[in-house]
Structure formats: C-alpha cells, structure tokens
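# Observations on the three-dimensional arrangement
What follows is the residue order along each chain.
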Amino acid sequence: MKSLVIIPAYNEEKSIEKTVQDITEHAPEFDYVIVNDCSRDATLEVCREKGMHVLNLPVNLGIGGAVQTGYVYAEKNHYDFAIQFDGDGQHDARYLHEMRDYMTEHGVNMLIGSRFITKEGFQSSGLRRFGIRYFSVLIRLLTGKKVTDPTSGMRMVDKEIIRIYADCYPKDYPEPESVVAVIRQKKKVEEYPVVMREREEGRSSISPLKSVYYMVKVTLAILVEALR
C-alpha cells in the first residue's frame, strides 16, 4: 500500500525540518511531499538545502489550494492512502501506522485525528475550542454525524477520497466543509484519538480578527455543501 503525507507549508522555516524528521523517523514507510505555498520566509530554501521532497507553488493559493495540490500529486502517482499533516510540528507521526491500520481493518474512507476523544495534549485556545464545538454541532444537525474535531488538520483518506479531493476541494479554511462533502456522499467517516502538540514556532494564519470571517464563511460553505 502506497501512502503519502501531504504537508502544506506557509512560512514554516523554523519547524518544517523537524516535521519531516518526525515522519522519516517514526513512519519511514510513508512518502511525503511538502507543498510550499509561496512562503515569504526561507521555507523553500530550507527544503532544498536539506534535500526534502517539495512542490513549490508559483503563487499563494491558500491552505485549500496547497492541500488540493497534494491530492492531485497523490492521485497522479497512484497512492492508496494520503494524510494531511501540518508543517508546524503539532502532529505526531507515530499515529500514522495506527491510523492506516484502523482504516484498513474497518473499511473507513476518511479517518480524522481528534484531540477531543481522550482530551490529552494541547487542546487549542478557548476561543478556538468554542469554534470547534460550534462546527461540530452544526455538522451533526445537518448530517446526523458526530465529529468532535472537524477543524483537525490531521486526516487520512483512501484512494476514493483522494480522487474526489483532487477534483474538487474547498479553497478557504477547508477542513469542516471538506468533511461535510465526504459525509454527504455517504462515505464512511470516523475519528481516531490522537495527542497534538502546541505550536513551537511561527504563528497561525487565523488571527482573532479573521476568526469572525472564518466562522461566517465556513458556516455558509457548510450550509451550501449540505443542502446542494
């Protein structure tokens, strides 16, 4: 089974090397590709200097475009599984084998790494936890499916979902909307308990001011996706 780790990266010069080392040390059977989303810092230079596998976007596409680029790469290279993995060091590569084994054994199309099942490790800020609970309730109301961590950037998918996402993927703050899209197509979506780390370097692209736009935009996108 060919498995690919998709690492969208924007201004992650201080953490990208550690992220890749985590994968190569704890999940060496997984291939990886960094999608550099036109970073303004030295992310691309670090990747090239260290001989990392990197796709360099000529223009900034945002998180959705960067992740979709990874799925297009996965489809064209015939991967059986792909997992989105943040470049800021918050995700733990030791879960990759466990998640893939769980998907295979239980026939799951998408497996989301959730920090809220065992409630261990970094649980995000209070404001973000409110937003996560809000989207969790909204998704359950619209689809009947309980998803405790719909904004998690750690989600593994099979070949069928790779094909769907390579063809169409939300462009802006895509995690909750992309989950709804898969549920709406009657695919099997489950969660797996993981422990996430707190970001050590850099800062999130979602500022407090952008949070309001994020909530409104994603709510509308979820409603459209669920109802169309």
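Here the structure is shown first, and the text comes after it.
The following paragraphs examine the structure supplied in this document. (Residues numbered from 1 in each chain as written. Predicted model: local features only at pLDDT ≥ 70, side-chain atom pairs only at ≥ 80, totals over all residues. Heavy atoms only, no water.)

## Topic: the sheet that holds strand β3 (residues 54-56)
One open sheet holds the seven strands; their spatial order is β3-β2-β1-β4-β6-β5-β7, and the pairing between them is mixed. The open sheet terminates on both sides in strands that have one partner only, identified here as β3 and β7 (189-193). Adjacent strand axes in the sheet meet at a mean angle of 20 degrees, parallel and antiparallel pairs treated alike. For strand β1 (residues 3-9) and strand β4 (residues 81-84), the ladder comprises four bridges, and the chain directions are parallel. Residue pairing across strands places Ile6 opposite Gln84, the latter belonging to β4. Against the sheet, helix α3 (residues 62-76) touches β1, β2 (31-36), β3, β4 and β6 (155-158), its axis set at about 155 degrees to β1. Helix α6 (residues 159-167) contacts β4, β5 (110-114) and β6 of the sheet and is inclined by roughly 100 degrees relative to β6. (Pairing = 2+ DSSP bridges. Helix = DSSP H or I, 4+ residues; strand = E, 2+ residues; numbered from the N terminus. Axes fitted to C-alpha atoms, helices over the stretch in contact; angles between N-to-C directions. Contact = heavy atoms within 4.5 Å.)

## Some details on the pairing of β5
Burial runs high along β5: five of the five residues are buried. Both β5 and β6 contribute to a ladder of three bridges, which runs antiparallel. If you follow Leu111 over to β6, its bridge partner there is Met156. Bridge analysis of β5 against β7 gives five bridges, and the strand direction is parallel. (Buried < 20%, exposed > 50% of the residue type's maximum accessible area, 1.4 Å probe, protein only.)

## Considerations on the side chain of Ser39
Mapped onto the secondary structure, Ser39 falls in the loop between β2 and α2 (43-49). A distance of 2.6 Å separates polar atoms of two side chains, one belonging to Ser39 and the other to Asn36. Excluding residues within four positions of it along the chain, Ser39 makes contact with Ala9, Tyr10 and Asn11. (Polar contact = N/O pair within 3.5 Å; in protein donor to acceptor, adjacent residues only side chain to side chain.)

## Some remarks on the environment of Ala9
Within the secondary structure, Ala9 is located in strand β1. Separated by 45 residues in the primary sequence, Ala9 and Val54 have C-alpha atoms spaced 9.8 Å apart. Apart from residues lying up to four places away in sequence, Ala9 is in contact with Ile16, Ile34, Val35, Asn36, Asp37, Ser39 and Thr43.

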